[in-house]
Amino acid sequence: MVLIPVECPSCQRIDVSRYGTQPNGEQRYRCNNTDCPRTIFLLHYHDKGRLPAVKQQIVDMTLNGSGVRDIGRVLGVSAATVIDVLKKKEPDLVPVNARLLRSLDPEQVEVIIRKVEDAEIDEMWSFVGKKRQQRWLWHAIDHHTGQVLAYVFGRREDKVFLQLQALLAPFGITRFHTDGWGAYRRHIDADQHTVGKQHMQKIERKHTTLRARIKRLARKTICFSKSIQLHDIVIGLFSNRFAFGRAV
Ligand SMILES: [Zn+2]
């Protein structure tokens, strides 16, 4: 007879107790290591969507343009599981390029401000379910480097632009290039504002890339999300990984 000790899947220790059973009769275990993030676990998961490796694959496939149903079929999990995993990524999203902002050293602030002197701002839209439920991505990049500074999701309304403007305030930008839409004219000082598509090639290129990479934005019918939250999270995952260079 061979006995194999039960190991905690997080900390790999064998200081583990039985902890009742699941409704289907499967034995549950508890990890007794107080420093371990895992408390209760099973030896075999029937629901693959609970495995950390599968959760990561769901995010990776989303960033490769796979839709919710594609991912479910390939990984053998339900569409609801895919959506659940993606929704749980929301707290990881940041709407401002914090890394670039943190590099603002007070001693060198003049030099760094010169780097982000000009910003291009543009909006890109898609819709959730039906055309009336429009979602706009408001987005600002450094005119010279093309680096994303900040983004906000919302309707095409002034208050969303004001949120973006608030996120941009610490960058000390002195010139804004826009398409001249009303919200920009109303809220950007005229002497800091340049209207014209000729200065917005970088940001329009970024929007083309986003549309090419996210099926959710490119296809008009079956791949559109019914959930506004999910739609925003998927675009947010992209913005964070490709724009801010941060692995999600
Ligand atoms: Zn443990």
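Every value quoted in this text rests on a predicted model; they were computed, and no experiment measured them.

Cut-offs applied
- Residues numbered from 1 in each chain as written.
- Predicted model: local features only at pLDDT ≥ 70, side-chain atom pairs only at ≥ 80, totals over all residues.
- Helix = DSSP H or I, 4+ residues; strand = E, 2+ residues; numbered from the N terminus.
- Buried ≥ 20, exposed ≤ 12 C-beta atoms within 10 Å, placed from the backbone.
- Expected span 1.5 Å × (residues − 1).
- Arc of directions from axis to C-beta.
- Axes fitted to C-alpha atoms, helices over the stretch in contact; angles between N-to-C directions.
- Parallel < 35°, antiparallel > 145°, perpendicular 65-115°, else oblique.
- Contact = placed C-beta atoms within 7 Å.
- pLDDT = per-residue confidence, 0-100.
- Pairing = 2+ DSSP bridges.
- Right-handed = clockwise from strand over helix to strand, strands pointing away.

### Points about unusual backbone geometry
Then, number 1: Not every positive phi belongs to a glycine, and Q12 is a case in point at roughly 60°.
Then, number 2: By secondary structure assignment, the location of Q12 is in the segment before β1 (16–21).
Then, number 3: Take Q12: there are 10 C-beta atoms within 10 Å of it, and that puts it in the exposed class.

### Brief notes about helix α1 (residues 52–63)
Side chains of residues three or four places apart in an α-helix project in the same direction, reflecting 3.6 residues per turn.
Then, number 1: Over its 12 residues, α1 runs 17 Å from end to end, which matches the ideal 16 Å to within 8%, given 1.5 Å per residue.
Then, number 2: Here α1 has its buried residues at K55, I58, V59 and T62. For α1, the angular spread of buried residues about the axis comes to 90°, placing them on one side. Opposite the buried face of α1, by more than 90 degrees, sit the exposed residues A53 and Q56.
Then, number 3: Residue G65 follows α1 closely and has a positive phi angle near 90°.

### Observations regarding the packing of α1 against helix α3 (residues 79–87)
Then, number 1: Relative to each other, α1 and α3 sit at 85°, their axes nearing to 10 Å. Relative to α3, α1 is oriented roughly perpendicular. Contact with α1, carried on its side by K55, I58 and T62, involves V82, V85 and L86 of α3 and no other residues of that element.

### Some words on the confidence of the model for the protein chain
Then, number 1: Looking at the protein chain, the pLDDT average stands at 78 and 80% of residues meet or exceed 70.
Then, number 2: Mean pLDDT across the elements of the protein chain bottoms out in helix α5 (residues 109–115) (51) and peaks in β1 (93).

### Some details on the environment of I121
Then, number 1: Secondary-structure assignment places I121 in strand β4 (residues 118–128).
Then, number 2: Looking at I121, the number of C-beta atoms within 10 Å reads 27, which means it is buried.
Then, number 3: When neighbours within four sequence positions are excluded, I121 is seen to be in contact with A140, F176, T178 and Y184.

### Brief notes about the sheet that holds strand β3 (residues 40–42)
Then, number 1: Pairing is antiparallel in the open sheet, where 3 strands are placed in the order β1-β2-β3. If you trace the sheet from one side to the other, it starts and ends with β1 and β3, each paired once. Taken over all neighbouring pairs, the strand axes of this sheet differ in orientation by 40° on average, direction set aside.

### Description of the environment of G180
Then, number 1: Topologically, G180 is positioned in the loop between β7 (175–178) and α7 (182–187).
Then, number 2: Residue G180 is classed as exposed on the basis of its C-beta count, with 12 C-beta atoms lying within 10 Å.
Then, number 3: Residues G180 and I121, spaced 59 residues apart in sequence, show a C-alpha to C-alpha distance of 10.0 Å.
Then, number 4: Sequence-distant contacts of G180, defined by excluding residues within four places in its chain, comprise R185 and V195.

### Section: the pairing of β7
Then, number 1: Pairing of β7 with strand β8 (residues 193–195), which is carried by 3 bridges, proceeds in the parallel orientation. If you follow H177 over to β8, its bridge partner there is T194.
Then, number 2: On the question of chirality, the crossover connecting β7 to the parallel β8 by way of α7 is right-handed.

### Section: the environment of C36
Then, number 1: Within the secondary structure layout, C36 lies in the loop between β2 (27–31) and β3.
Then, number 2: Judged by local crowding, C36 falls into the partly exposed class, with 16 C-beta atoms found within 10 Å.
Then, number 3: Once the C-alpha coordinates of C36 and Q12 are considered, the two residues, 24 residues apart in sequence, prove to be 9.6 Å apart.

### Details of the pairing of β1
Then, number 1: The element β1 is barely covered by neighbouring structure, given that only 0 of its 6 residues are classed as buried.
Then, number 2: Where β1 meets β2, 4 bridges bridge the pair, whose relative direction is antiparallel. From the neighbouring strand, R18 faces β2, where its bridge partner is Y29.

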